[in-house]
Amino acid sequence: MSRATGQDSDTADEAVRGTCEDASVCKRFAVSAGYWKDPYIQYFVRQAKERKAPEINRGYYARVQGVNHLLNAFLKKTECQCQIISLGAGLDTTFWRLKDENILPKKYFEVDFPSIVSRKLYNIKSKPPLSKPIMESHSGESLLIDSHSLDSTHFSIIGADLRNLKDMEEKLKKFGLDPQLPTLLVAECVLVYMTPEQSGSLVKWAADTFSTAMFINYEQVNMADRFGQIMVENLQRRQCNLAGVEACRSLQSQMERLLSNGWRRRCQDMMKVYDSLPRADVYA
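Analysis parameters
Residues numbered from 1 in each chain as written. Predicted model: local features only at pLDDT ≥ 70, side-chain atom pairs only at ≥ 80, totals over all residues. Heavy atoms only, no water. Helix = DSSP H or I, 4+ residues; strand = E, 2+ residues; numbered from the N terminus. Rg over C-alpha atoms; globule rule 2.2 N^0.38 Å. Buried < 20%, exposed > 50% of the residue type's maximum accessible area, 1.4 Å probe, protein only. Contact = heavy atoms within 4.5 Å. Areas by Shrake-Rupley, 256 points an atom, 1.4 Å probe, with all protein chains shown as cover. Phe/Tyr/Trp six-rings, centres within 6.5 Å; stacked < 30°, edge-to-face > 60°. Lys NZ or Arg CZ within 6 Å of the ring centre and 35° of its normal. Pairing = 2+ DSSP bridges. Axes fitted to C-alpha atoms, helices over the stretch in contact; angles between N-to-C directions. Core = buried A, V, L, I, M, F, W, Y, C linked by side-chain atoms within 4.5 Å.

(A) Inspection of the overall build of the chain at higher detail. Of regular secondary structure, the chain possesses eleven helices and seven strands. Its C-alpha atoms give the chain a radius of gyration of 18 Å, within 12% of the compact-globule value 19 Å for 284 residues. Its C-alpha atoms give the chain principal-axis dimensions of roughly 55 × 45 × 40 Å. For the chain, the residues scored as buried account for 48% of the 284 residues in total. Put simply, 72% of the contacts in the chain that link residues at least 6 apart link residues at least 24 apart. When the accessible surface of the chain is summed, it comes to about 15000 Å², and 51% of that surface belongs to carbon and sulfur atoms.

Have a look at this one:
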């Protein structure tokens, strides 16, 4: 296969950025339907024009609650003396939830494409319900915010390409990344858009950089079955290439990527995660 041209690469990246909007719209609809509470997502994304199927709503509920459960457990275990790095954070609202619950880590970092970061920062600057909690948690004399980055005492947003590890690491360190702090890295449907070599390098960088760390990777598995094939075909029609689909063939292939790059394993499919969620919520 010939190497993609710069234009092809730009088109593919733009299609990947479009999935951020799709996921955020689905989350907002599920929130509006009462699946979980998130008073901040309304400031980032429009309400869906059409209803979402119950299966989609329940899927996003399980995803959000599953990740939140692990994240909260990490904060409790470290007594918030830790840092969190959200890779490909998109329009995520976790920082505001943690602020409301008074369980902020020492530093919460978000990293995403500069264009997505620029949009997020515009919303933060223009909407007081978003900017006020950041200011309330900031103890310095001045808060840095420009078109592609924000840095405050407990919250940083960085525009960077996860495939360019040197640039990303430099920006994180500029805003106070501490390799000695217990560190939680979160990637939700992010690595699948990178080649296996690129995602492997990112995972290995994380294992090598932090003395104590946990990696939460929410991502597709069973991509070789018919449902997976339809997903790939639908995304390809939108010129969105799943460059890392080989690592998503099974739970085993997902574990192998982590094990071969310095991590210990623990992997569950979403049915097990769903079964572990509070029964009162699941049957509500």
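(B) How the structure looks around the packing of aromatic side chains. The full count for this structure, using the stated rule, is eight aromatic pairs. By the ring-pair criterion, three or more aromatic residues cluster together here, those being Y40, F44, F95, W96, Y108 and F155. A cation sits over an aromatic face here: R17 above F113, 4.8 Å from the ring centre. K120 extends its terminal NZ or CZ atom over the ring of F44, reaching a point 5.5 Å from the ring centre.

(C) Just the sheet that holds strand 5 (residues 155-159), in detail. Taken in spatial order, the seven strands make up an open sheet running 3-4-5-2-1-6-7, and their pairing is mixed. The open sheet is flanked by strand 3 (144-145) and strand 7 (213-218), the only strands paired with a single partner. Taken together, the five bridges between strand 2 (residues 107-112) and strand 5 define a ladder with parallel strand orientation. Counted as the bridge partner of V111 is I158 from strand 5. Against the sheet, helix 4 (residues 114-126) touches strand 2, strand 3, strand 4 (149-151) and strand 5, its axis set at about 140 degrees to strand 5.

(D) Spatial organisation of the environment of K106. By the secondary structure assignment, K106 is in the loop between helix 3 (94-100) and strand 2. Separated by 48 residues in the primary sequence, K106 and H154 place their C-alpha atoms 5.8 Å from one another. Ignoring sequence-local partners within four residues, the contact set of K106 consists of C80, Q81, C82, T153, H154 and L181.

(E) Main features of the nonpolar core. Of all hydrophobic cores here, the largest spans 40 residues; its most connected members are I84, W96, I124, F155 and L242. Elements with a minimum of two residues in this core: helix 1 (6-32), helix 2 (54-78), helix 3, helix 4, helix 5 (128-136), strand 5, strand 6 (183-188) and helix 8 (226-237).

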